[in-house]
Structure formats: structure tokens, C-alpha cells
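Tertiary structure, described
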Amino acid sequence: MIAKISSGKDTAGLIRYLFDTKKAKDHTDPHLVASWDGFAPDPGRADDFTATRKLLVADLDLRVKQARRLGRAPERHVWHCSLRAATTDRHLSDEEWADIAHRVVAATGIAPQGDPDGCRWVAVRHAPDHIHIAATKVRGDLRTARHWNDYLTADRELAAIEKEYGLHQVVRSDRTAAKRPTRAEQEKAHRRGRQKTSRERLRTTVRQLVSVATSPEEFFHLLADVDDVRVDVQRFPSGDVRGYKVAVEGDTNAAGEPVWFSGSALAPDLSFPKIAERLTGITAPSVNEAGGRRRPNPWHQATAAAERIPHHLDQSDDTAAQAHIAAFAEALDALPLLAPSHLRAQLLQAAAAFERASRSRIQADQDQARALRSTVRALRTAPVAGDASGLAMFLDVAVLVVIAAAHWHRARRHDQQVVAAQQALTYLRVAYEHAAAQPLAALAQHKPRTHTVERHAQHIRAVLPDYAEQIFGDAAWPALAAALTQAETAGHDTRQLLRHAADQRTLDGARSTARTLTWRIQRLSQRHAPSERARAALARSAAPRSAAPVQTATATAVPPSPQVRRR
């Protein structure tokens, strides 16, 4: 059930609208279902409609006129609340709507329960699925009603009503969502043939630039270079930045002036103080490693950092978890700038959907996610065209991160964030399927010899017995076998790689275990292969936990690894 609350100056105009059946064709059988004392005149059930309507308006306005004589009446004295049930809900009776109306006016402070000086109000039903509550804000003691935060208090009461009446439970906001475009903005965009309003376009642009900037100064430099965006940076007398506002080139108001949007008008986390907090202490990506060392693959680094996010979400520190979710959202914002053209549409939709899941009422401890943000910025130097598997392996992990974020929000009753994460998951999975097809097919072309494949299969049965048959029946099994062969050729012990890959995170959430293992093996095999001495040490450390209870002369040289624990 949804509530819409507004204020006005004309009691007679509101009552006229609520009982109108000529202009409003959906108004059928308008009548009162409840009132402040249960005896208010009902124009919908009276013989003389016009006279009764005037009498009702006079009764509602009585205290307003009394307070006006004393100079105490509020300018906007009318309180209007519409309550609408979901289309899937059953039709409520007049008595049920009356009970709901009493509970809402009590919860919002218009007419507290047991208060004889509560405001005068009526509930009008002119359609099967909703009612309107019309009230005047002057109490019996001629004070103005205390109805601050009435939308939130009404929303909380409606949540309880939905459960008690068995109605559809609406996904509710925690007031951290970005402001939606107004109807006027939508109509202007439609007239100009644009799919998005200026507010939405600017929000996407600013979020993408924040995701790749390494400092507030660089953010403003990047923003100034965008062709169709105007920027106005406000400063204190000291010269320090106070804030900023942006406008789309050519978008003007009736006076011909640019339509400006402050950062906070785009989204709560895009105000300058919020941006500065996120970008302070970010390490800029370096093109070359000092000393001539091989530079780590930025996609592998970002994937490894993202893979640790579910672990952070499992911890008890909510402020750190919120920071990692926000930093991961920045990674999604950056992907459309790096991905090939055929993936950008899905990645843009995924980022736009997850944007709502990146914020909650929990204050983020941004210091906890500095390392993750630095790895995201390093992706600027790693175009996807040169490493198709890099994007695929990152998206594979991104799917698991979004699932974990949805679980985290659900446990904290962040309903809108859960829905947003589920929407982002749909787009990400489609993007991943397209991104993974080419690198997996390229790997599968390097099919190893039959006896090599059989050896890899034996290792998988020993290390991952619970997943072995699932892996062998997967279409990505040839690609995994090729990745294991490449790692073996580079000097790695494939059994140790499989153990490490399985220990990084449970495989239960993966839609394709073989594909997930392929990306992990590829990433792990990029590290330097351990020396003979290191491999011997690893074998000795693994022996006590996996040794057979009875040693015999025919025992295998390499003991089987323990099974991966299922959730």
C-alpha cells in the first residue's frame, strides 16, 4: 500500500475534486468511510449534494477560521493523503478502509489516538482500490498539528497494515535513493527525442568520472573535458572548493539560463564532500613498475580485490561492508568506459541498477576500501581489447559479489537495495555470458593430449570430489583443461592451484564451476611458479592434515586434498 501526502490552501477545491464524478471518470460512488467524529456530513449520501458539500467544507475549516482571527493559522492549512492498494490486492470493505484511515491519521500526528483536540479530517472513497484523507491542520486548541516526517510515519504504519490484512508488501525506501526526474523533466526529454533526462545523463556521467578519478582535482579536470557538459565549481574565499554544479549543454529554462544540478541533486553520494571523502588517499595507477619488474595484470588485481568483498560482508563491521559495496559500485561504473561496444549497454544497465544498492542508512567507513578503489583506478591502463579474459574473469566474480551484496542488504531489511541488486544481477549475467564466450572458445582450441586431460581429471577428483562430475559435464571443461595445462607448462603444480582456487571462496554460488575455476586458475598461474624447495615445503605442510590414517607401502605420493566445505 502506497501513501502520497501533500499540502494545500483550498479545502473546498480538494473536497470538490474528491466528490467529482464528471471530470474524473474513474470516480465512482464517492462517499465517506470515516471522519474525525464519525458524524461528518457526507455529500455522497445526501439528497442535496451541493449544500451538504458546503456544510462539510465549513466543518473542516471551522478551526482554521478561528485560528486565522488570532493570526495563528498556517498558510497551507490543508493536509491531503491518498492511500492506494496494490492491483493484486483484494478489494477492502468500507469498514477496513475506515480502520486504515484512523491508524494513518493517528500515526502521522494529524489526529493522535485518544486526543480530543486532534485535527478534523474525512476519508473519501471514490474508487475500489484507494481512499483520500482530507484534513485541516489546526487542532482543537488552535495549535498547528505536529506532523513532521508524516510520510515516514505513515509508511511504517502501512507496512504493519499490509502484514495484518494480508496485502502485498511494498518495497520501501530508506530515503537514500537518488531523486527521480520530475514529470516536467521527462516531458522535456521526450520533446527533444532523448531517452534520458538531463538529470539522469549527468548522474551517469559524474558517477563514471568519479569511478576513474584518483583525486577531487582530477575529477574536475575530467568533468571539464566532457563535450556536452557545463561545470561551475564554487569556492570559499580561501580558494577551497565548496561545491559544484553541472548542466547539459543546450538545456535551458524559460529564461534561457542553463538548468543546473548540484551534485547532491543528482545523488546523495555525489555531493562534493562525499566525492572528496571517497577520493582522498587513492593511489594513482603507475604505468611501469620500478626496477623493471613485470607489472601485475590490473584485471587480475581488481578481480582478486573484488573476490574478497563477500568475506568483508560476512564480518560484523557494517560500516566497512558498506564501504566495500560502494567501492564495488564504482568498479561497475567504470566498466562501460573500458568494455567493447557490444557489452556496454548491459554494463550500463547493471551499473545504473546497482547504484541504488550502493547506498543505505549505514555510514560507510571509506578508509576500509582504499585498496579496492586503487585497483579499480588501475583498470584505466588496461583496455579490455587487449585482454578479453580479464573482463570475463572480473564479471564472473562480480556476479558472486552482487549475490553477496543482496544477501547482506536482505539481512538488514534494505528492501529497495535488494531489488536493485537483483536487477543488476540480471544484466551482469547477460554481459558475462557474452564476455566469456570468446576467451573460453580460444582456450578450448588449445586442447591438451588425452593422457594430460585424464591426469587433470584425476587431480580434480582428488581435490574437488563434490564438484568433479559437474565440472566434467560442463561445456567449459575443455577450457579448464587447457588452462591447467598452460599453468603446468609454466611450472605450477596443478593440484596446488586447484586447492588454492577452491579455498579462495566456495564454488556453490557459481553457475558454472568449470568456468569459475578456469578464471581462477588463469589468474593464479600468472604468478611466478614456486621453486622446488617451496613446493616441497607446501607438500610437507599439507601432509599432516590430509595423510591417510594408516600408512602403507602402496600409499599414493600425493595425498588427496580435503573436500571443499559446502554452505
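A brief structural summary. The structure displayed is predicted, hence computed values, not measured ones.

Criteria and thresholds
- Residues numbered from 1 in each chain as written.
- Predicted model: local features only at pLDDT ≥ 70, side-chain atom pairs only at ≥ 80, totals over all residues.
- Heavy atoms only, no water.
- Helix = DSSP H or I, 4+ residues; strand = E, 2+ residues; numbered from the N terminus.
- Buried < 20%, exposed > 50% of the residue type's maximum accessible area, 1.4 Å probe, protein only.
- Contact = heavy atoms within 4.5 Å.
- Areas by Shrake-Rupley, 256 points an atom, 1.4 Å probe, with all protein chains shown as cover.
- Phe/Tyr/Trp six-rings, centres within 6.5 Å; stacked < 30°, edge-to-face > 60°.
- Core = buried A, V, L, I, M, F, W, Y, C linked by side-chain atoms within 4.5 Å.
- Axes fitted to C-alpha atoms, helices over the stretch in contact; angles between N-to-C directions.
- Parallel < 35°, antiparallel > 145°, perpendicular 65-115°, else oblique.
- Pairing = 2+ DSSP bridges.
- Salt bridge = Lys/Arg side-chain N within 4 Å of Asp/Glu carboxyl O.

1. Some remarks on the overall build of the protein chain
Tallying secondary structure elements over the protein chain gives 22 helices and eight strands in all. Counting every position in the protein chain, which comprises 567 residues, the buried fraction comes to 50%. In the protein chain, the proportion of contacts linking residues at least 24 apart, taken out of those at least 6 apart, comes to 73%. For the protein chain, the exposed surface amounts to about 28200 Å²; the carbon and sulfur share of it is 50%.

2. Looking at the packing of aromatic side chains
Evaluation of the coordinates by the stated rule reveals eight aromatic pairs. Seen in terms of ring centroids, Phe220 and Phe272 are 5.7 Å apart; in terms of plane orientation they differ by 20°. Their pairing is stacked. Taken as a pair, Phe220 in helix H7 (residues 216-224) and Phe272 in helix H9 (residues 272-279) lie far apart in primary sequence, 52 residues in all. Each member of the pair Phe220 and Phe272 is classed as buried. Here the aromatic rings of Phe328 and Phe354 are separated by 5.5 Å at their centres, their planes lie at 90°, and the arrangement is edge-to-face. With a gap of 26 residues between them, Phe328 in helix H12 (residues 318-338) and Phe354 in helix H13 (residues 341-357) connect regions that are remote in the sequence. Here the aromatic residues Phe219, Phe220, Tyr244 and Phe272 are joined through ring pairs into a cluster of three or more.

3. What to know about the nonpolar core
Counting 85 residues, the largest nonpolar core has Phe354, Ile460 and Ile471 as the members making the most contacts within it. With 14 residues, helix H15 (residues 388-411) is the single largest residue contributor to this core. Ignoring sequence-local partners within four residues, the contact set of Phe354 consists of Ile325, Phe328, Ala329, Leu332, Val402, Ala405, Ala420, Ala421 and Ala424. Val33, Cys81, Leu92 and Trp121 belong to the second largest nonpolar core, which has 29 residues in total.

4. Looking at the packing of helix H6 (residues 198-212) against H12
Relative to each other, H6 and H12 sit at 105°, their axes nearing to 8 Å. Considering their axes alone, H6 and H12 lie roughly perpendicular with respect to each other. Residues Arg207, Gln208, Ser211 and Val212 of H6 touch H12, and the partners they reach there are Ala329, Glu330, Asp333, Ala334, Pro336 and Leu337.

5. Comments concerning the sheet that holds strand S6 (residues 229-235)
Taken in spatial order, the three strands make up an open sheet running S6-S7-S8, and their pairing is antiparallel. Only two strands of the sheet have a single neighbouring strand rather than two, namely S6 and strand S8 (261-262). Direction of pairing for strand S7 (residues 241-248) relative to S8: antiparallel, over a ladder of two bridges. In the sheet register, Val246 faces S8, and the bridge partner there is Phe261. In the packing of H7 onto the sheet, contacts are made with S6 and S7, and the angle to S7 comes to roughly 20°.

6. Description of the pairing of strand S5 (residues 130-136)
Taking burial as the measure, the seven residues of S5 include seven buried ones, the bulk of the element. Bridging between strand S3 (residues 78-84) and S5 involves seven bridges; their strand directions are antiparallel. Bridging across to S5, Cys81 finds its partner in Ile133. Hairpin remark: strand S4 (residues 121-127) followed by S5, antiparallel, with two residues in the connecting loop.

7. Here we look at H7
Within the sequence span of H7, burial applies to Pro216, Glu218, Phe219, Phe220 and Leu223. Residues of H7 that are buried sit in contact with H6, S6, S7 and H9.

8. A look at the sheet that holds S3
One open sheet holds the five strands; their spatial order is S1-S3-S5-S4-S2, and the pairing between them is antiparallel. Every interior strand has two partners, whereas the edge strands, strand S1 (2-8) and strand S2 (31-35), have only one. Along the sheet, successive strands turn relative to each other by an average axial angle of 20°, direction set aside. Examined bridge by bridge, S2 and S4 share four bridges and lie antiparallel to one another. Along S4, the bridge assignment pairs His31 with Arg125.

9. Section: the environment of Pro181
Summarising the element assignment, Pro181 is placed in the loop between helix H4 (150-165) and helix H5 (183-191). With relative accessibility at 16%, the residue Pro181 sits in the buried group. In this structure Pro181 touches Gln186, Thr197, Arg199 and Glu200, once residues within four positions along its chain are discounted.

10. Topic: the pattern of salt bridges
Counted under the stated rule, the structure contains 33 salt bridges. Salt-bridge contacts for Arg143 lead to Asp141; the nearest nitrogen and oxygen are separated by 2.9 Å. Of the residues examined, Asp141 reaches a relative accessible area of 27% and is grouped as partly exposed. Arg515 serves as the salt-bridge partner of Glu433, at 3.0 Å between the closest nitrogen and oxygen. Within this pair, whereas Glu433 is found in helix H16 (residues 415-444), its partner Arg515 is found in helix H21 (residues 513-525), the two being separated by 82 residues in sequence. The partly exposed category is assigned to Glu433, whose relative accessible area is 35%. Beyond isolated ion pairs, a larger network of salt bridges with shared partners links Arg207, Asp269, Arg278, Glu330, Asp333, Glu355, Arg359, Arg373 and Arg377.

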